[in-house]
Amino acid sequence: MRSVAVAATLAELSAPACAQTFQERLTLCLTCHGEKGQSAKPEVPSLGAQPAFYLLIQLYMFRERQRVVEVMNEATKGLTDDELRKLADIVSKLPQPPPVEGPADDARMERTRVLIQQHRCNFCHQNLAGQENVPRLAGQREDYLVKTLHEYKTNIRRGYDASMAAVIYPVNDTQSRELAYFRARARCAGG
């Protein structure tokens, strides 16, 4: 089912870039990432309240194929720098995604607080709210976080600096799942 949705999105994006208006591209973005900043699609990040500068860097990396995700590479193909900035600004103003509802496992949450302290997650991610070129993690999709941590760990996803690879290297798969569980249920300061 997911491959059908990806194929349909790629088919829409494969039309010549000049044939799509900025608004049409924005509509496609919001179809996957959520009109209200929260994705309902598996392994697709929720982008509401992400720092605009972080979004701009990611969009640029997709456009330049420095980060390869075919759907995103096609979606950003041909966009100007000004259009990337405009898109990042619009998406950053969407509401932040709420944390997963329902009771959380207190013991699991506490174990993860220790992991966050050990691995200095808050040094860059600022209590999971993100800042400038660092993404907001609070309320992010749990499946997306597990996938992303795995990609950093295995060097499938390269960051624009080496800090994530260095931080995630000693984290095992169980700890990665714990971090994702916690972040999906966390609220950030002011959120």
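From a predicted model like this one, the values you see are computed outputs, not experimental measurements. (Residues numbered from 1 in each chain as written. Predicted model: local features only at pLDDT ≥ 70, side-chain atom pairs only at ≥ 80, totals over all residues. Heavy atoms only, no water.)

Chemist: Pulling in residues and values, what's your account of the confidence of the model for the protein chain?
Modeler: Scored by pLDDT, the protein chain has a mean of 87; 86% of the residues are at 70 or more. Taken as a whole, residues 1-18 scores under 50 in pLDDT and shows 19 contacts with residues more than four places along the chain or in a different chain. (pLDDT = per-residue confidence, 0-100. Contact = heavy atoms within 4.5 Å.)

Chemist: An account of the packing of aromatic side chains is needed here, citing residue identities and associated values.
Modeler: If you walk through the whole model with that rule in mind, you get 0 aromatic pairs. Here the basic side chain of Lys153 rests over the ring of Tyr169, its NZ or CZ set 5.3 Å away from the ring centre. Just above the ring of Tyr181 sits the side chain of Arg185; from NZ or CZ to the centre is 3.7 Å. (Phe/Tyr/Trp six-rings, centres within 6.5 Å; stacked < 30°, edge-to-face > 60°. Lys NZ or Arg CZ within 6 Å of the ring centre and 35° of its normal.)

Chemist: How would you summarise helix H2 (residues 22-33) if you had to cite specific residues and measurements?
Modeler: Helix length check: H2, at 12 residues, gives a terminal C-alpha distance of 16 Å against a target of 16 Å (1.5 Å per residue), a fit within 8%. Of all the residues in H2, the buried ones are Phe22, Arg25, Leu26, Leu28, Cys29, Leu30, Cys32 and His33. Where H2 terminates, the next one or two residues include Gly34, which has phi positive at roughly 100 degrees. (Helix = DSSP H or I, 4+ residues; strand = E, 2+ residues; numbered from the N terminus. Expected span 1.5 Å × (residues − 1). Buried < 20%, exposed > 50% of the residue type's maximum accessible area, 1.4 Å probe, protein only.)

Chemist: An account of the packing of helix H6 (residues 106-118) against helix H10 (residues 173-185) is needed here, citing residue identities and associated values.
Modeler: Interhelical geometry of H6 versus H10 gives an angle of 105 degrees and a closest axis separation of 9 Å. The angle between H6 and H10 places the two elements in the roughly perpendicular class. Contact with H6, carried on its side by Arg108, Met109, Arg111, Thr112, Arg113, Leu115 and Ile116, involves Gln175, Arg177, Glu178, Leu179, Tyr181, Phe182 and Arg185 of H10 and no other residues of that element. (Axes fitted to C-alpha atoms, helices over the stretch in contact; angles between N-to-C directions. Parallel < 35°, antiparallel > 145°, perpendicular 65-115°, else oblique.)

Chemist: Talk me through the pattern of salt bridges; I want residue IDs and the actual numbers.
Modeler: Summed over all chains, the structure comprises 12 salt bridges. Between Arg63 and Glu64 there is a salt bridge, and its shortest N-O distance comes to 2.7 Å. Given a relative accessible area of 19%, Arg63 falls into the buried group. With its nearest N and O atoms 2.8 Å apart, the salt bridge here joins Asp81 to Arg63. Taken together, the positions of Asp81 in helix H5 (residues 81-92) and Arg63 in helix H3 (residues 52-63) put the pair 18 residues apart, joining distant regions of the chain. Sharing partners across several salt bridges, the network here consists of Arg63, Glu64 and Asp81. (Salt bridge = Lys/Arg side-chain N within 4 Å of Asp/Glu carboxyl O.)

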